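Structural features, examined
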Amino acid sequence: MVDRSSPPTRPPLSAASLTLRLAGIAVVVAAVAGAFAYVNGTLDPQRLTPKKLINVLETNNGVHPGFRRNHSKGVCVIGHFESSGEARSYSTAQVFNETQTPVVGRFALGSGNPYAPDSAAPIRSMALRFTQANGQQWRTGMNSMPVFPVGTPEAFYQLQQAQSPLPATGKPDPAAVPAFFGAHPEAAPFLAWIKTAKPSASYVTETYNSVNAFYLVSATGQRQAVRWSMVPVTQDAPGAAVPQGSDFLEKDLVQRIAAGPLVWQLNIILANPGDPVNDASKAWPEGRKVLNAGTLVLEKTQPQLNGECRDINYDPLVLPAGIEGSDDPLLATRSAGYANSYLRRTSEVSQLPAAKQEAQQ
Ligand code: HEM
């Protein structure tokens with residue numbers, strides 16, 4: 001008979017085998033800790049992490065709970081895109097093939113301070129999320145500047161550091177930004193633009209540029225490098241009066257949209273062979289072929305505090321099949337940085353003063 005009254009006993013572990021097992025566990029724990037330390041940047045303090053990038057934006061602009069860490073002051077818009085069919089042979093993306101694609105967008109001021117007056121920065125932005133019938137999305141964030149000041153994430157970080165307040169004075173070193181630009185001749189096209197750029201009176205009359213390059217991919221797998229621009233159909237007469245006050249951009253937009261839909265044309269600029277596709281600080285020469293891919297129609301606005309755009313991360317690498325990112329290093333950095341900013345702002349409660357919140361509802 002088999003004795004079932006007591007469980008079978010295992011022979012005791014020898015000291016050597018116990019040590020081996022414990023060592024095995026220690027190796028696994030060390031590997032996991034090492035992986036966390038690598039991702040966190042602890043192993044290499046020189047490495048530029050998304051956390052460092054967003055921290056420096058907070059150092060320069062202050063922490064404003066609930067708000068984006070850059071382009072913080074904005075307004076949501078709702079509308080749709082009507083394809084012209086002209087980009088169809090270059091890209092399989094449904095957005096260029098369907099008659100209409102719904103859009104949730106956001107206009108913003110290029111500043112990390114949600115309370116900045118609209119005259120504080122000449123840079124305005126338009127971000128769009130197209131949702132295709134097949135569920136795939138195209139998200140794009142465009143700026144009114146035609147080129148970026150620098151071509152690498154490291155240089156962008158150094159430019160932010162040059163603008164950081166010094167602990168001793170609480171103000172940035174006035175020599176730091178000129179010194180930065182002195183050491184970065186690639187910024188010349190941006191500096192030439194900013195010299196003449198005036199804060200505009202309206203979001204509606206601006207052109208917004210992808211700045212970074214992407215690829216359109218055709219049904220046969222052909223890849224065409226492109227940049228794109230949203231060009232306004234509405235233009236004010238030259239010399240139109242600039243509204244007074246610090247919040248004129250949103251008021252102007254709300255007023256104009258109440259009078260009827262606002263319209264932009266999506267121009268897709270095709271690179272020639274040899275045009276730089278991995279450097280957003282370099283403009284492409286004039287004379288490139290331009291597709292009129294269709295029309296953006298914006299029909300209503302919503303306050304950003306409770307509008308549909310509030311919880312969208314306009315990550316430029318969320319792309320449908322038929323559009324691909326280029327190897328411009330700023331794209332991956334934007335993607336990671338926006339995610340970090342998104343995590344911070346969506347886990348905070350907005351502290352916009354109560355009176356202003358009521359006014360926006
Ligand atoms: C390394 C370079 C860059 C960094 C670190 C950076 C950082 C940021 C951050 C943190 C946000 C807020 C994201 C959020 O909370 O959802 C933002 C917004 C934005 N950025 Fe950048 N950015 C960079 C380069 C660019 C470039 C090259 C463009 C060119 C078009 C651009 C266009 C925009 C736009 C349009 C928005 C507003 C998006 C919205 O309305 O939600 N950025 N940026």
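Look a little higher up for the structure.
As a starting point, this report considers the structure included with it. (Residues numbered from 1 in each chain as written. Predicted model: local features only at pLDDT ≥ 70, side-chain atom pairs only at ≥ 80, totals over all residues.)

Describing the overall build of the protein chain
For the record, the criterion: Strands here are runs of E lasting at least two residues and helices are runs of H or I lasting at least four, both read from the DSSP assignment and numbered beginning at the N terminus. Burial in this document is a count-based property: other C-beta atoms within 10 Å of a residue's C-beta are tallied, and the residue is buried at 20 or more, exposed at 12 or fewer, or partly exposed in between, with C-beta positions derived from the backbone. The contact rule is simple: place each C-beta atom from the backbone, and if two of them lie within 7 Å, those residues are in contact.
A tally of helices and strands in the protein chain yields eight helices and 10 strands. The proportion of buried residues among the 361 residues of the protein chain is 30%. Taking the intrachain contacts of the protein chain between residues at least 6 apart in sequence as the baseline, contacts between residues at least 24 apart amount to 74%.

A word on the site of the ligand
Rules: Any residue whose C-beta atom, as placed from the backbone, lies within 6 Å of a molecule or strand is termed near it. Only Asp, Glu, Lys and Arg are considered charged in this grouping, and only Ala, Val, Leu, Ile, Met, Phe, Trp, Tyr, Cys and Pro are considered nonpolar; every other residue, Gly among them, is considered polar.
Around the ligand lies a shell of 31 residues, among which R68, H71, S125, G141 and S341 are the nearest. Among the elements of the structure, α2 (50-61), β2 (100-109), β3 (124-131), β4 (137-143), α3 (153-162) and α7 (329-346) are those that each provide at least two residues to the shell around the ligand. Per element, the largest residue contribution to the shell around the ligand is eight residues, and it comes from α7. Along the lines of polarity and charge, the residues of the shell around the ligand split into 15 nonpolar, 11 polar and five charged.

A short note on the nonpolar core
The condition that has to hold: The nonpolar core criterion groups buried Ala, Val, Leu, Ile, Met, Phe, Trp, Tyr and Cys residues into a set whenever they are joined through C-beta atoms within 7 Å.
Counting residues in each nonpolar core, the largest one holds 44 residues, and the members touching the most others are A87, M126, V226, M230, L266, I268 and L296. Every element with two or more residues in this core is listed here: β1 (74-83), β2, β3, β4, β6 (214-217), β7 (223-232), β8 (262-270) and β9 (290-303). Looking at this core element by element, the count peaks at five residues for β2. Setting aside its immediate chain neighbours within four residues, A87 contacts F96, L216, I268, L291 and A293. Among the nonpolar cores identified, the runner-up in size contains 11 residues, and M145, F148, A280 and L330 belong to it.

A look at the packing of α2 against α3
This is how the line gets drawn: The convention used is that axes are lines fitted to C-alpha atoms, helices contributing only their stretch in contact, and that angles between N-to-C directions extend from 0 to 180 degrees. Note that the term roughly parallel is reserved for angles under 35 degrees, roughly antiparallel for angles over 145, roughly perpendicular for angles of 65 to 115, and oblique for everything else. Crossing handedness is read from the near helix: turned anticlockwise from the far helix by less than a right angle, it gives a left-handed crossing, and turned clockwise, a right-handed one.
It is at 9 Å that the axes of α2 and α3 come closest, and there the two elements cross at 25 degrees. Between α2 and α3, the crossing angle belongs to the class labelled roughly parallel. Considering only the axes of α2 and α3, their crossing is left-handed. Where α2 abuts α3, its residues K52, L53, V56, L57 and N60 lie against Y157, Q160 and Q161. Of the residues belonging to the contact of α2 with α3, the class tally is four nonpolar, three polar and one charged.

Re the pairing of β7
Worth spelling out the cut-off: Between any two strands, pairing holds if DSSP finds at least two bridges.
In this sheet, β7 lies alongside strand β5 (residues 208-209) in antiparallel orientation, the contact comprising two bridges. Counterpart to N209 in the pairing with β7 is S229. Examined bridge by bridge, β6 and β7 share four bridges and lie antiparallel to one another. Opposite L216, over in β7, you have Q224 as the bridge partner. A loop of five residues connects β6 with β7, the two strands running antiparallel in sequence, and G221 in this loop sits at a positive phi of about 85 degrees. Direction of pairing for β7 relative to β8: antiparallel, over a ladder of seven bridges. Opposite V231, over in β8, you have Q265 as the bridge partner.

Concerning unusual backbone geometry
Phi angles above zero are rare outside glycine, and H71 is one such case at about 50 degrees. For H71, a count of 25 C-beta atoms within 10 Å puts it in the buried group. The backbone of V211 sits at a positive phi, close to 65 degrees, despite the residue not being glycine. The topology assignment puts V211 in the loop between β5 and β6.

Some words on the pairing of β9
Within a regular strand, the side chains alternate between the two sheet faces. Where β1 meets β9, nine bridges bridge the pair, whose relative direction is antiparallel. Pairing of V77 across the sheet is with T301, part of β9. Bridge count between β8 and β9: eight bridges; the pairing is antiparallel. Counterpart to L262 in the pairing with β9 is L298.

Quick look at the environment of W228
By the secondary structure assignment, W228 is in strand β7. Ignoring any residue separated from it by four or fewer positions in sequence, one finds W228 in contact with S210, L266, N267, I268 and I269.

Some remarks on α2
Put simply, the rule is: For a helix, the expected span equals 1.5 Å multiplied by the number of residues minus one.
Taking 1.5 Å of rise per residue, the 12 residues of α2 would be expected to cover 16 Å, and the 17 Å separating its terminal C-alpha atoms lies within 8% of that figure. As for α2, its buried residues are in contact with α3 and α7. G62 lies just past α2 and shows a positive phi near 90 degrees.

Re the packing of α2 against α7
The axes of two packed helices give the description: the angle between them and the distance between them. Running from amino to carboxyl end, α2 crosses α7 at an angle of 65 degrees, the nearest separation of the two axes being 8 Å. As for the relative orientation of α2 and α7, their crossing is right-handed in sense. On α7, the residues touching P50, K51, L53 and I54 of α2 are A336, G337, A339, N340, S341 and R344. Residue composition of the contact of α2 with α7, grouped by class: five nonpolar, three polar and two charged.

By themselves these figures say nothing about function.
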